2 protein chains.
Amino acid sequence: MEPDDMTLTNQLCFSVYHASRLFTKFYKQALEPFQLTYPQYLVLLSLWEEDRQPLHKLGERLDFGSNTLTPLLKRMEANGWLTRSLPATDHRQLIVSLTEQARDAKPEIFTAIHQCVVQQNIDVSKYNDTLAMNHELIATLQRMLK
Amino acid sequence: MEPDDMTLTNQLCFSVYHASRLFTKFYKQALEPFQLTYPQYLVLLSLWEEDRQPLHKLGERLDFGSNTLTPLLKRMEANGWLTRSLPATDHRQLIVSLTEQARDAKPEIFTAIHQCVVQQNIDVSKYNDTLAMNHELIATLQRMLK
DNA sequence: GTAAATTAAATCGTACGCAATTGAATTGGA
DNA sequence: TCCAATTCAATTGCGTACGATTTAATTTAC
């Protein structure tokens, strides 16, 4: 590794960190009317794909622990997005299910985000390569942290 | 915008968000022995480049407000990394200066991070394109949020 | 059948991020 | 000169992130 590689590593990490904060801020604009935060929206995305997941499975998909999810899910339950229930078969688990409000709101929320993207005239397809590279970076980082 | 673009936007945001959290975790391994967090390390990086910056200039570079920096800088001062002082000319500003400890520790800290990268056999130069793409993404997001 | 190991959610403590407000210091225009 | 506008840092409040521990339920090994 050359001396410069230290700078590259630093810059790469900061660029990802910076982009993440800006992206979250962008989503915030669209999600605020729904009283949703970005991590809460991620939970909805996962449940829209597959309803009635146990907490640990949600955590696996989003890479969150129960220390993050437990209070987050309680807030979402308080806002009427989901219900938390114990299955009869295993009282250790906690099943998270969407409310009707959450199922119904999906198109409206997608439209709100869509609007924000369209307003800015973003060519989303341009970012296919960026997505692929991020996936590779994530895989590398996961190997590093194992 | 095609229907699929919604999915792409969602995936792109999540990939950046996920990568950022993993990268921070990676740096944490190297920084923990120094009692430094990643955002605190960013402050050191900026001050190593230019010592004695006012708080708002640090904030501009790192995209942090005083609500984030004020407590963070107090913690760093408590740990002996920097000093906070009011310039005689303008009592509104707060000048942040490195301590000798912070100036001396730079090579040691860089070595610690370097070690983590080398141990994992990462080809850092591979990520030049990713960095460039992230810069473009950041520029787009900044335009969108203006 | 029961004690030990495992699994799962919750709790605790610390440190960000950030919108919004406050309050002190400085500047600039009438 | 004097006061209104501006510029800063600090404060407040809320919601993540996450390491570490705790507590409860279930599995397993014997």
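Residues numbered from 1 in each chain as written. Chains lettered and ligands numbered in written order. Predicted model: local features only at pLDDT ≥ 70, side-chain atom pairs only at ≥ 80, totals over all residues. Heavy atoms only, no water.

Draft legend 1. Expanded view of the protein's contact with DNA strand C. Surrounding DNA strand C, one finds 27 residues, the nearest of these being Tyr 17 and Ser 66 of chain A together with Thr 37, Asn 67 and Arg 75 of chain B. For DNA strand C, the fraction of atoms within 4 Å of the protein that belong to sugar or phosphate moieties is 68%. Between a phosphate oxygen of DNA strand C and a side-chain N or O atom of Arg 21 of chain A, the distance comes to 2.9 Å. Residue Thr 37 of chain B places a side-chain N or O atom 2.6 Å away from a phosphate oxygen belonging to DNA strand C. (Near = heavy atom within 4 Å. Polar contact = N/O pair within 3.5 Å; in protein donor to acceptor, adjacent residues only side chain to side chain.)

Draft legend 2. Geometry of helix H6 (residues 128–145) of chain A. Between the first and last C-alpha of H6 of chain A there are 26 Å, a value that for 18 residues agrees with the 26 Å anticipated at 1.5 Å per step. Three or more residues of H6 of chain A are buried, namely Thr 130, Leu 131, Asn 134, Leu 137, Ile 138, Thr 140, Leu 141 and Met 144 of chain A. (Helix = DSSP H or I, 4+ residues; strand = E, 2+ residues; numbered from the N terminus. Expected span 1.5 Å × (residues − 1). Buried < 20%, exposed > 50% of the residue type's maximum accessible area, 1.4 Å probe, protein only.)

Draft legend 3. Examining the environment of Arg 61 of chain B more closely. Here Arg 61 of chain B lies in helix H3 (residues 55–62). With 19 residues separating them in the primary sequence, Arg 61 of chain B and Leu 42 of chain B have C-alpha atoms 9.7 Å apart. Those residues in contact with Arg 61 of chain B, other than ones at most four positions away along the chain, are Phe 14 of chain A together with Ser 46, Glu 49, Glu 50 and Gln 53 of chain B. Here Glu 50 of chain B takes part through its side chain, which lies 2.6 Å from a polar atom of the side chain of Arg 61 of chain B. (Contact = heavy atoms within 4.5 Å.)

Draft legend 4. Structural context of the packing of helix H2 (residues 38–49) of chain A against helix H5 (residues 100–119) of chain A. Residue and element names in this part refer to chain A. H5 packs onto H2 with a crossing angle of 120 degrees between their chain directions and a minimal axis gap of 11 Å. Judged by the inter-axis angle, H2 sits oblique to H5. The handedness of the crossing between H2 and H5 comes out as left-handed. Here H2 contributes Tyr 41, Leu 44, Leu 45 and Trp 48 to the contact with H5, which in turn contributes Ala 102, Arg 103, Lys 106, Ile 109, Phe 110 and Ile 113. (Axes fitted to C-alpha atoms, helices over the stretch in contact; angles between N-to-C directions. Parallel < 35°, antiparallel > 145°, perpendicular 65-115°, else oblique. Left-handed = near helix turned anticlockwise from the far one by under 90°.)

Draft legend 5. Region of interest: the sheet that holds strand S1 (residues 53–54) of chain B. Residues and elements named next belong to chain B. The strand order S1-S3-S2 describes an open sheet built from three strands, whose pairing is antiparallel. Looking at which strands have only one partner, the edges of the open sheet turn out to be S1 and strand S2 (82–85). Across two bridges, S1 lies against strand S3 (residues 95–98) in antiparallel orientation. Bridge pairing in S3 places Pro 54 opposite Ile 95. The strands that helix H4 (residues 66–78) touches are S2 and S3; relative to S2, the one it contacts most, it runs at about 125 degrees. (Pairing = 2+ DSSP bridges.)

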